[in-house]
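Report on the structure
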Amino acid sequence: MERRAFLGLGLTGIGAVALAKKGMALEYYPNPSDKKWAVVYGTWCGTARDAGLWISEGMGGIADVFDVRENPDLAKFENIIIGSAIRSAKVTPELQAFLEKNQSAIGPKVRGLYIVCGNMRRPVTPELTKQLITDYLAPLCGAKDAAARVFLGRVTPRLLPPDIREQMKMMGEYDNLKRPDCMAFGEEILGRA
Ligand SMILES: Cc1cc2nc3c(=O)[nH]c(=O)nc-3n(C[C@H](O)[C@H](O)[C@H](O)COP(=O)(O)O)c2cc1C
């Protein structure tokens, strides 16, 4: 390859990386809104991400949806929904750290809380919602009177590292998350605001 062509390709590559970095904080605004809603989620394999997007869709797509690893600045948002997947009965370490650091700023703005979990593929009970949200996620967020929902999630073995895949073999592959349930929760949250 000619030196000039090689350099050109190199520069294009650098431009693409810069663009990718700039575009990292994805925004999902099918409809503009002055209500300033954000969903922030913690996930390992994407279930809590999908739930967050579908909750926003249930609100007419007005909430901006962030993976907590983006370390979003929530100052401009007035209404916040926090959600996470559960492993060993805990939210992701990144979400836990983010909430501990930002609790006083976030707490009064929290309007909705959700958890996605396997629950041994059994139905969600009021006791489980109390255990995972009322007694755990709500205090972690400093949230009061937020709408709360536990969704059954999914396990996709090929997304897990080999050691964890082996541990989870007994559970098999499943997908119990339902988009209509997530959308209905978004609608409910908006109705309460
Ligand atoms: C290693 C591991 C540990 C888990 N621990 C729990 C648990 O303690 N309680 C529970 O109800 N579900 C548990 N689950 C199920 C997850 O919560 C479920 O797969 C969820 O949908 C994962 O969400 P994510 O795709 O957003 O990471 C566990 C799953 C894995 C892979």
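Presented here is an overview of the structure given in this document. (Residues numbered from 1 in each chain as written. Predicted model: local features only at pLDDT ≥ 70, side-chain atom pairs only at ≥ 80, totals over all residues. Heavy atoms only, no water.)

**Remarks on the site of the ligand**
- Around the ligand, a shell composed of 21 residues is seen, among which Thr-43, Thr-47, Ile-86, Asn-119 and Arg-154 lie nearest.
- A distance of 2.7 Å is found between an oxygen atom of the ligand and a backbone nitrogen or oxygen belonging to Ile-86.
- The backbone of Asn-119 places a nitrogen or oxygen atom 2.8 Å from an oxygen atom of the ligand.
- Coverage of the ligand by the protein chains reaches 84% of its 640 Å² of free accessible surface.
- Of the pockets mapped on this structure, the ligand occupies the largest pocket. (Near = heavy atom within 4 Å. Polar contact = N/O pair within 3.5 Å; in protein donor to acceptor, adjacent residues only side chain to side chain. Areas by Shrake-Rupley, 256 points an atom, 1.4 Å probe, with all protein chains shown as cover. 1 Å grid on protein atoms, 1.4 Å probe; cavity = no way out; pocket = protein on both sides within 12 Å on 5 of 7 lines; lining within 4 Å. Sits in = over half its atoms within 2 Å of the grid points.)

**So, helix α4 (residues 126-141)**
- Along α4, the helix axis deviates most sharply at Ile-133, where the bend reaches about 30°.
- Buried residues of α4: Leu-128, Thr-129, Leu-132, Ile-133, Tyr-136, Leu-137, Ala-138, Leu-140 and Cys-141, and no others.
- Phi for Gly-142, located one or two positions after α4, is positive at around 70°. (Bend = angle between axes of the 7 residues up to and from the residue. Helix = DSSP H or I, 4+ residues; strand = E, 2+ residues; numbered from the N terminus. Buried < 20%, exposed > 50% of the residue type's maximum accessible area, 1.4 Å probe, protein only.)

**Describing the layout of surface pockets**
- There is about 720 Å³ of room inside the largest pocket.
- Lining of the largest pocket is provided by 27 residues; of these, Ile-86, Arg-87, Gly-118, Met-168 and Tyr-174 occupy positions nearest its centre.
- Among the elements of the structure, β4 (110-117), α4, β6 (154-155) and α5 (162-167) are those that each provide at least two residues to the lining of the largest pocket.
- By residue class, the composition of the lining of the largest pocket is 16 nonpolar, 9 polar and 2 charged. (Points joined across faces, edges and corners; volume = space filled by probe spheres on them. Nonpolar A, V, L, I, M, F, W, Y, C, P; charged D, E, K, R; others polar.)

**A short note on the sheet that holds strand β2 (residues 63-67)**
- Read across the sheet, 5 strands follow the order β2-β1-β3-β4-β5 without closing on themselves; strand pairing throughout is parallel. One side of each edge strand has no neighbouring strand; the edge strands of this open sheet are β2 and β5 (147-152). Neighbouring strand axes in the sheet, compared pairwise and without regard to direction, differ in orientation by 15° on average.
- Bridge analysis of strand β1 (residues 37-42) against strand β3 (residues 79-85) gives 6 bridges, and the strand direction is parallel. (Pairing = 2+ DSSP bridges. Axes fitted to C-alpha atoms, helices over the stretch in contact; angles between N-to-C directions.)

**Focus on the environment of Ala-147**
- When you line up the elements, Ala-147 lands in strand β5.
- C-alpha separation for the pair Ala-147 and Leu-113, spaced 34 residues apart in sequence, amounts to 6.1 Å.

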